[in-house]
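Chains, contacts and geometry: an overview
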Amino acid sequence: MIAAVKPRRARPISYARDLWARREFTWFLAVGRMKAQNASTVLGLVWWIVNPLLLGMIYLLVFGVVLQSARAQPDYLGYLLSGIFAFYYTRQAVNGAASSLLTSARMIANLRFPRLVLPLASLVEAAAGFLASLLVLILTVGLYGGHWPNAQFLLLVPAFLLQTMFNLGISGVVARLALPFRDLHNLVPYLMRLWLYLSPIIWPLSMLENAPEWAQQVLTANPMFSILGLYRMAFLGWPFELQTLLTAAAWSVGSVLVGVWVFVRAEDKMARYL
Amino acid sequence: MNDSAIIAKDLRVEYRPYVDQRPTLKGMLRGRRRTRNTVVALNDVSFEVARGEGFGIIGPNGAGKSTLLRVLARTLQPDAGTIDVRGETSTLLALGVGFNPELSGRRNVFLGGLAGGLTRVEVEERFDQIVGFAELHHAIDRPLKTYSSGMFARLAFAIGINLEPEILLVDEVLAVGDEAFQRKSKEAMRALLERAGTIVFVSHGMKQVRSLCERALWLEAGSVREIGPAGPVVRHYQQSTMVAAVAGKGARPRPAARHLGPARRVEVVLRVLGGEDPVALSEELGVPAEDIVGWRNQFVEGGRSAIAQPPSP
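It should be emphasised that the depicted structure is a prediction, and the values quoted were computed from it without experimental measurement.

Some thoughts on the overall build of chain B
Along its length, chain B carries 11 helices and 11 strands. A total of 313 residues make up chain B; the buried ones form 43% of that total. Of all intrachain contacts in chain B linking residues separated by at least 6 positions in sequence, the fraction that spans at least 24 positions is 67%.

In structure tokens, the structure reads:
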């Protein structure tokens with residue numbers, strides 16, 4: 001007798017196996033969407049590079065030239081662009097996650113598969129865009145600041161992997177919440193903007209020293225602080241600090257555990273929210 | 001019972017519009033979180049489907065047919081009751097789920113197949129078969145958005161049937177494509193039944209239910225009204241929904257037409273489900289064929305509802 005399907009308590013191992021069995025599906029969903037995007041706009045995937053670059057230029061103009069943050073931060077362009085490109089990856093992941101379930105409502109209603117496939121596919125999309133945009137970042141940082149890839153450049157690998165884990169966790173929470181709370185969709189851009197301003201991207205690090213103690217604590221507690229630190233070690237040759245790596249790792253592992261748990265726990269209810 | 005493919009016991013599904021659908025921020029702030037007005041979509045539904053059986057689910061719109069199918073597909077957890085589904089399940093619930101209109105037909109075969117649970121290699125192996133079945137060799141590399149709705153549906157059906165499931169859940173798909181394709185899809189479903197596959201078939205096309213299914217379940221307002229051999233169940237259901245106002249020009253409904261059962265609405269046209277044949281109709285209603293000025297098939301698949309041509313005098 002096969003066990004009756006009582007409310008399925010997701011068991012981590014069998015869930016992971018189901019998810020693994022759907023890896024090709026996840027990949028095809030992501031690649032399909034990228035291709036579709038490429039086919040429907042003139043610049044297509046080039047937007048992935050153009051978008052953060054344009055954003056960087058605006059900030060460079062406003063903060064670097066007009067407000068002269070550039071003076072306080074050595075190598076401001078590299079600092080700014082590495083921050084924006086990396087932040088843009090998380091931003092895209094969160095945006096994708098927020099709409100991943102709603103745009104696949106028919107699939108959720110009709111097909112049985114681990115729902116995590118959907119935010120994962122969005123994440124794959126964001127990751128691919130980010131990796132492609134790195135070429136431009138490497139060129140800019142090299143041509144402008146003379147930082148060409150060296151041995152420390154390998155830190156890009158843990159930086160990318162940790163940020164991807166971190167993003168997956170956030171995606172899980174956002175996707176889960178965006179399903180019943182459609183209001184979230186409107187809030188996400190503002191929250192992301194706030195997060196951008198709270199991260200060491202447009203303001204120079206030296207600003208921290210003059211800030212009150214509590215503000216320092218708040219700003220350095222930001223997970224982006226350590227993640228961006230890793231990228232800058234890789235791209236800008238900042239001195240390697242083990243603590244930054246460990247902090248980023250702690251954030252990422254914590255995020256992915258909590259995020260996936262929050263998401264999977266709600267899977268059975270998802271079809272009802274659509 | 002070892003040869004049961006599906007055993008459903010006391011299934012109950014409730015939708016709680018406020019709680020389940022959209023708790024908005026506004027609603028939360030007001031503290032109005034739970035309302036008591038639940039909508040019961042399924043109420044104590046129990047049945048078994050044997051392996052190799054065609055099983056029809058019929059009933060008016062909103063009776064809970066699609067909800068039931070989703071419970072069988074296990075995308076919807078019942079609030080109470082148990083459901084055993086034994087075997088690989090494939091759903092043709094909604095055609096073309098997972099398709100991306102910007103991409104080529106070829107790419108969408110892979111998307112659809114993978115969405116249905118195949119691996120990439122399996123889709124590759126079945127690719128020619130799928131495209132052959134859909135008769136879309138010439139168009140397979142064109143973007144899906146350039147397909148006609150018939151072509152779209154053919155491709156989707158071809159993928160669904162080629163998932164080679166043990167249990168196929170079908171929601172109103174036999175109406176796709178032209179007549180030749182409809183015949184072909186019906187044959188494919190028969191072949192599945194002959195391989196001891198099981199089909200659960202939701203349809204408003206009573207002729208199709210009768211020809212494909214051995215047994216049928218009549219759902220009414222979420223409850224089982226009747227369950228048994230397809231022929232009688234379909235007939236009783238049809239009789240209940242017929243409005244027996246058959247009329248010629250100015251003629252009154254005849255007594256024989258009147259006693260057909262609880263009429264929902266009286267119209268000058270005959271409202272009947274799946275009644276395509278005026279001669280059979282006139283026999284069933286006990287009125288001369290020339291008195292039937294037309295009929296309306298309210299639930300014509302594909303969302304189009306049309307008044308059929310009156311039979312030629």
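Here we look at the overall build of chain A
Summing up its helical and strand segments, chain A has 14 helices and 0 strands in all. Overall, chain A shows an N-to-C arrangement of helices and strands of α-α-α-α-α-α-α-α-α-α-α-α-α-α. For chain A, whose C-alpha radius of gyration is 20 Å, the value lies close to the compact-globule estimate of 19 Å for 274 residues. With respect to the principal axes defined by its C-alpha atoms, chain A has extents near 70 × 45 × 40 Å. Here chain A holds 274 residues, and 42% of them are scored as buried.

Some remarks on the pairing of strand β1 (residues 4-15) of chain B
All names here are of chain B. Bridge count between β1 and strand β2 (residues 39-50): 8 bridges; the pairing is antiparallel. Across the sheet, residue Tyr15 finds its bridge partner in β2, namely Val39. Note: β1 against strand β4 (residues 80-85), 5 bridges, orientation antiparallel. Its bridge partner being in β4, Arg12 is matched across the sheet by Ala80.

Comments concerning the environment of B:Ser211
Following the sequence through the fold, B:Ser211 ends up in helix α8 (residues 206-212). Sequence separation of B:Ser211 and B:Ala230 is 19 residues, and the distance between their C-alpha atoms is 8.8 Å.

What about the nonpolar core?
Core analysis: the largest hydrophobic core is formed by 139 residues, its most contacted members being A:Ile227, B:Leu72, B:Ile199, B:Val200, B:Phe201, B:Val209 and B:Ala216. It is helix α5 (residues 76-100) of chain A that provides the largest number of residues to this core, a total of 14 residues.

Brief notes about the sheet that holds β4(B)
In sheet architecture, strand pairing relies on hydrogen bonds along the backbone and comes in two forms, parallel and antiparallel. Residues and elements named next belong to chain B. In spatial order, the strands read β2-β1-β4; together these 3 strands make up an open sheet with antiparallel pairing. Among the strands making up the open sheet, the edge pair consists of β2 and β4. When the angles between neighbouring strand axes are averaged without regard to direction, this sheet yields 15 degrees.

Considering the packing of α5(A) against helix α7 (residues 117-145) of chain A
Their axes nearest at 9 Å, the elements α5(A) and α7(A) cross at an angle of 170 degrees. As the angle between them shows, α5(A) and α7(A) are arranged roughly antiparallel.

Regarding the packing of helix α4 (residues 105-115) of chain B against helix α6 (residues 149-161) of chain B
Residues and elements named next belong to chain B. Running from amino to carboxyl end, α4 crosses α6 at an angle of 40 degrees, the nearest separation of the two axes being 10 Å. In this view, α4 runs oblique relative to α6, as classed from their interaxial angle. The way α4 lies across α6 gives a crossing that is right-handed. Residues Gly105, Asn108, Val109, Gly112 and Gly113 of α4 lie in contact with α6, whose contacting residues are Leu155, Ala156 and Ile159. Of the residues belonging to the contact of α4 with α6, the class tally is 4 nonpolar, 4 polar and no charged.

Brief notes about the confidence of the model for chain B
On average, residues of chain B score 74 in pLDDT, and 66% of them reach the 70 mark or higher. Counted against residues more than four places away or in other chains, residues 296-313 of chain B, with its pLDDT under 50, gives 30 contacts.

So, helix α3 (residues 65-72) of chain B
Residues and elements named next belong to chain B. Within α3, 8 of the 8 residues are buried, which leaves the element mostly enclosed by the surrounding structure. Listed as buried for α3 are Lys65, Ser66, Thr67, Leu68, Leu69, Arg70, Val71 and Leu72. Positive backbone phi, at 60 degrees, marks Arg74, one or two positions downstream of α3.

A word on helix α12 (residues 223-236) of chain A
What sets the pattern is the α-helix's 3.6 residues per turn: residues three or four places apart point alike. Residue and element names in this part refer to chain A. With 14 residues, α12 should reach 20 Å at 1.5 Å per residue; the first-to-last C-alpha distance of 19 Å fits that figure. Taken residue by residue, α12 has Pro223, Met224, Ser226, Ile227, Leu228, Gly229, Leu230, Tyr231, Arg232, Met233, Ala234 and Phe235 as its buried positions. Gly237 lies just past α12 and shows a positive phi near 70 degrees.

Observations regarding the pairing of strand β8 (residues 215-220) of chain B
Residues and elements named next belong to chain B. By the bridge criterion, 4 bridges tie strand β3 (residues 54-58) to β8 in an arrangement that is parallel. Paired with Ile57 across the strands is Leu217, a residue of β8. As paired elements, β8 and strand β9 (residues 223-229) share 6 bridges and run antiparallel to each other. The residue bridging Trp218 from the neighbouring strand is Glu226, located in β9. Two successive antiparallel strands, β8 and β9, enclose a turn made up of 2 residues, where Ala221 displays a positive phi of approximately 50 degrees.

Focus: the confidence of the model for chain A
Residue and element names in this part refer to chain A. Residues at a pLDDT of 70 or more form 94% of chain A, whose mean pLDDT is 86. Predicted confidence in chain A is weakest over helix α4 (residues 69-72), with a mean pLDDT of 70, and strongest over helix α8 (residues 156-178), with 95. Here residues 1-7 scores under 50 on pLDDT; set against residues more than four positions off or in separate chains, the count is 9 contacts.

Structural notes on the environment of B:Phe110
Tracing the sequence through the fold places B:Phe110 in helix α4. The buried category is assigned to B:Phe110, around which 23 C-beta atoms lie within 10 Å. Expressed as a C-alpha distance, the spacing of B:Phe110 and B:Val121, which sit 11 residues apart in the sequence, is 9.7 Å. In this structure B:Phe110 touches A:Phe28, B:Arg120 and B:Val123, once residues within four positions along its chain are discounted.

Calculation rules
Here the residue numbers are simple positions, counted from 1 along each chain's written sequence. Going through the entries in the order they are written, you letter the chains from A and number the ligands from 1. Where totals are concerned, whole chains, interfaces and linings use all residues; where local detail is concerned, this predicted model gives features only for residues with pLDDT of at least 70, and gives and counts side-chain atom pairs only at 80 or more. Put simply, DSSP marks the helices as runs of H or I at least four residues long and the strands as runs of E at least two long, and each gets a number from the N terminus on. Working definition of burial: number of other C-beta atoms within 10 Å of the residue's own, with buried at 20 or more, exposed at 12 or fewer, and partly exposed in between, all C-beta atoms being placed from the backbone. Here, residues touch in the contact sense if the C-beta positions derived from the backbone fall within 7 Å of one another. The quantity called the radius of gyration is restricted to C-alpha atoms. Its globule counterpart is 2.2 Å times the number of residues to the power 0.38. For two strands to pair, DSSP has to find at least two bridges joining them. What we call a nonpolar core is a set of buried Ala, Val, Leu, Ile, Met, Phe, Trp, Tyr and Cys residues whose membership is set by joining through C-beta atoms within 7 Å. Each axis is a line fitted through C-alpha atoms, and for a helix only the stretch in contact is used; angles between axes span 0 to 180 degrees, taken between their N-to-C directions. With respect to orientation, any angle under 35 degrees is reported as roughly parallel, any angle over 145 as roughly antiparallel, any angle of 65 to 115 as roughly perpendicular, and every other angle as oblique. We call a crossing left-handed when the near helix sits turned anticlockwise from the far one by less than a right angle, and right-handed when that turn is clockwise. Basically, the charged four are Asp, Glu, Lys and Arg, the nonpolar ten are Ala, Val, Leu, Ile, Met, Phe, Trp, Tyr, Cys and Pro, and anything else, Gly included, counts as polar. One number per residue, pLDDT, summarises how confident the predictor is, and it ranges from 0 to 100. Every helix has an expected span of 1.5 Å times one less than the residues it contains.

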